[in-house]
Amino acid sequence: MKQFRSNVIRAGLGALYLTGAHNLLRPMFAGAGAIFMLHHVRPRRDAGFQPNAHLEIAPEFLRAMLAHLRARDIDIITIDEVHQRLIEGDFSRRFACFTLDDGYRDNRDFALPLMREFEAPFTIYVASDFAEGTGHLWWIALERVIAKATSIEVEIGRAAVHLDTGTPVARQATFDRLHDWLRRLPGEHDIQREIGALCTRYGVDETAICRDLCMSWDELKPLADDPLVTLGAHSITHCNLARQSEEIASEEMTLGRARIENALQRPTIHLAYPFGDKIAAGAREFALAHAAGFKTAVTTRPGMIFPESAGRLTALPRVSLNGNYQDTRILPVLTSGAATAMRNGFRRIDAA
Ligand SMILES: [Zn+2]
């Protein structure tokens, strides 16, 4: 098993398909179903520098996934129904659940028509500041800064650092370095101060990004009325909850929800943790979401849903539809659970 495992990990997604290994792994790792995680859905863009490309898929890839699921007679269900099936222990049919984070306008323009065509319900998790038009999408601001700058001067840990943006490889390396640095800063204010300074220095209008990309409350209203759409909470500011005091983290969850409920007059009982990985959501956040009364909360940890997920309703893993892997041959790999099992070192549940 050990040799097999390391071979599979080395070989990656494409090889899982080519070797057919996902078919061997399916009975062990496919679980009851999957919650898919998406961000942007929009046509491919020409720009050479797209360091956030993993956060967007083209409509054709979404269509291919929907067709794949329908062809295999896998139920496409709401997050409410995922909750229902988990608490009732109803695993008679496999399921897929679609969730889209942040509330991007392209979700309405490109995802909604496809979801309608396939009569597939989905959830959009809304960060309330994004709907307000005051949110900070710093990872996109950073992309725009690097795309514009000929080189970047920045102070990291009290040392002046010069970063090259002259070639595609250099731009990507600079993005990775700065993204990593920003994510590790102690607080949201630190991130906002640093990205704000970079935007000013390199002439990027950071305040426009949110309004350009995210749906306003008025735009969300028709979606709230659409029977296919569930709206969930995604905090107020889209901060790293694990880095906040317990009081602030809890407020981000409950006030973020209250703002959605006030603006859209719909009960909001599902949550997605911003960033959602191990450094942004852990045991404390899972407990806070439970205490706040959310029926489910999803992370960005990779994994399928298993019967034992019923005991971890505010720590549900998801399967990313990642823009860097938009090859339709990997669709059966994603629904087999092999890809996420590989990333979890072949444990079914990543409980740490
Ligand atoms: Zn998000």
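You'll find the structure just up there.
Rules and cut-offs
- Residues numbered from 1 in each chain as written.
- Predicted model: local features only at pLDDT ≥ 70, side-chain atom pairs only at ≥ 80, totals over all residues.
- Heavy atoms only, no water.
- Helix = DSSP H or I, 4+ residues; strand = E, 2+ residues; numbered from the N terminus.
- Contact = heavy atoms within 4.5 Å.
- Disulfide = S-S within 2.5 Å.
- Buried < 20%, exposed > 50% of the residue type's maximum accessible area, 1.4 Å probe, protein only.
- Donors = N, O, S within 2.8 Å, 3.2 Å for Na, K, Ca; no water.
- Axes fitted to C-alpha atoms, helices over the stretch in contact; angles between N-to-C directions.
- Parallel < 35°, antiparallel > 145°, perpendicular 65-115°, else oblique.
- Left-handed = near helix turned anticlockwise from the far one by under 90°.
- Nonpolar A, V, L, I, M, F, W, Y, C, P; charged D, E, K, R; others polar.
- Arc of directions from axis to C-beta.
- Core = buried A, V, L, I, M, F, W, Y, C linked by side-chain atoms within 4.5 Å.
- Phe/Tyr/Trp six-rings, centres within 6.5 Å; stacked < 30°, edge-to-face > 60°.
- Polar contact = N/O pair within 3.5 Å; in protein donor to acceptor, adjacent residues only side chain to side chain.
- Salt bridge = Lys/Arg side-chain N within 4 Å of Asp/Glu carboxyl O.

Trainee: Looking at this structure, I do not really get the overall build of the protein. What am I missing?
Mentor: A count of helical and extended segments in the protein gives 15 helices and twelve strands. Nonlocal contacts in the protein, meaning residues at least 24 apart in sequence, comprise 74% of its contacts between residues at least 6 apart.

Trainee: I tried to follow the state of the cysteines on my own but got confused; where do I start?
Mentor: Think of a disulfide as a covalent bridge from one cysteine sulfur atom to another cysteine sulfur atom. Per the counting criterion, the structure on display carries zero disulfides. Sulfur of Cys 214: no disulfide; nearest cysteine sulfur belongs to Cys 210 and is 4.4 Å away. Judged by relative accessible area, Cys 214 falls into the buried class, the value being 3%.

Trainee: Quick question: what am I supposed to make of the coordination of the zinc ion here?
Mentor: Tetrahedral coordination by four donors sets the ideal angle at the metal to 109.5 degrees; octahedral coordination by six donors sets it to 90 or 180 degrees. Taken together, the protein ligands of the zinc ion are Asp 102 (OD), His 234 (NE2) and His 238 (NE2), with distances of 2.1 to 2.2 Å. Along the chain, the residues donating to the zinc ion are arranged with the sequence spacing D-x131-H-x3-H. Residue Asp 102 is found in strand β5 (residues 95-102), and its partner His 238 is found in the loop between β9 (229-233) and α12 (246-264); the two are separated by 136 residues along the sequence. Accessibility classification places Asp 102 together with His 238 in one group, the buried group.

Trainee: I tried to follow the environment of Ala 289 on my own but got confused; where do I start?
Mentor: Within the secondary structure, Ala 289 is located in helix α13 (residues 283-291). When the C-alpha positions of Ala 289 and Ala 315 are compared, they lie 9.2 Å apart, and in sequence the two are 26 residues distant. Setting aside residues up to four positions removed in sequence, Ala 289 forms contacts with Met 253, Leu 271, Tyr 273, Phe 294, Ala 297 and Thr 314.

Trainee: It is not clear to me how the packing of helix α3 (residues 59-71) against helix α5 (residues 105-117) should be interpreted in this structure. Could you clarify?
Mentor: Packed helix pairs are specified by the crossing angle of their axes together with the interaxial distance, meaning the distance between the axes. Two numbers describe how α3 lies on α5: the axes approach to 10 Å, and their chain directions differ by 25°. Relative to α5, α3 is oriented roughly parallel. The element α3 and its partner α5 pack so that their crossing is right-handed. Taking contact as the criterion, the partners of Pro 59, Leu 62, Arg 63 and Leu 66 in α3 are, on α5, Phe 110, Ala 111, Leu 114, Met 115 and Glu 117. A breakdown of the residues in the contact of α3 with α5 according to their chemical character gives seven nonpolar, no polar and two charged.

Trainee: Teacher, can you tell me more about helix α11 (residues 217-225) here?
Mentor: Every buried residue of α11 is listed here: Trp 217, Glu 219, Leu 220, Leu 223 and Ala 224. Down the axis of α11, the buried set is contained in an arc of 150°. They therefore lie on one face. In this structure, α11 carries Asp 218, Pro 222 and Asp 225 as exposed residues pointing more than 90 degrees from its buried face. At its buried positions, α11 is contacted by α5, β6 (122-126), α6 (128-132), β9 and α12.

Trainee: Where do I start with the nonpolar core in this structure?
Mentor: The nonpolar side chains of a soluble globular protein tend to be buried with one another. Judged by nonpolar contacts, the single largest core of 59 residues is most densely connected at Phe 36, Leu 62 and Phe 98. The leading source of residues in this core is α3, at six residues. Ranked by size, the runner-up nonpolar core spans 36 residues in total, among them Ile 152, Phe 175, Ile 195 and Tyr 202.

Trainee: Just to check I follow, could you spell out the packing of aromatic side chains for this structure?
Mentor: For any pair of aromatic rings, geometry is given as the distance between the ring centres together with the angle between the planes. For the structure shown, the criterion picks out six aromatic pairs. Ring geometry for Phe 36 and Phe 98: centres 5.4 Å apart, planes at 40°, overall tilted. Pair noted here: Phe 36 is in strand β1 (residues 33-38) and Phe 98 is in strand β5, with a separation of 62 residues, a long-range link. Judged by centre distance (5.8 Å) and plane angle (80°), the rings of Trp 139 and Phe 275 are edge-to-face.

Trainee: What should I look at first to understand the side chain of Arg 105 in this one?
Mentor: In this structure, Arg 105 sits in helix α5. For Arg 105, the side chain forms a polar contact with the main-chain oxygen of Asp 212, separated by 2.7 Å. Those residues within four positions of Arg 105 in sequence are excluded, and the remaining contacts are Arg 211, Asp 212, Leu 213, Cys 214, Met 215 and Glu 219.

Trainee: Explain the pattern of salt bridges to me, please; I cannot follow it from the model alone.
Mentor: Opposite charge on two side chains lets them pair, provided their charged atoms get close. On inspection of all chains with the given rule, the structure shows 22 salt bridges. With a shortest N-O distance of 3.3 Å, Asp 180 and Arg 184 are connected by a salt bridge. Here Asp 180 and its partner Arg 184 are both found in helix α8 (residues 168-184), four residues apart, which amounts to about one turn of the helix. By relative accessible area, which is 39% here, Asp 180 ends up partly exposed. With relative accessibility at 55%, the residue Arg 184 sits in the exposed group. The salt bridge partner of Arg 193 is Asp 190, with a shortest N-O separation of 3.1 Å. Taken as a pair, Arg 193 and Asp 190 lie in helix α9 (residues 188-202) at a separation of three residues, close to a single helical turn. The exposure class of Arg 193 is partly exposed, given its relative accessible area of 49%. Since its relative accessible area comes to 19%, Asp 190 is described here as buried.

Purely spatial values, then, with no claim about function.
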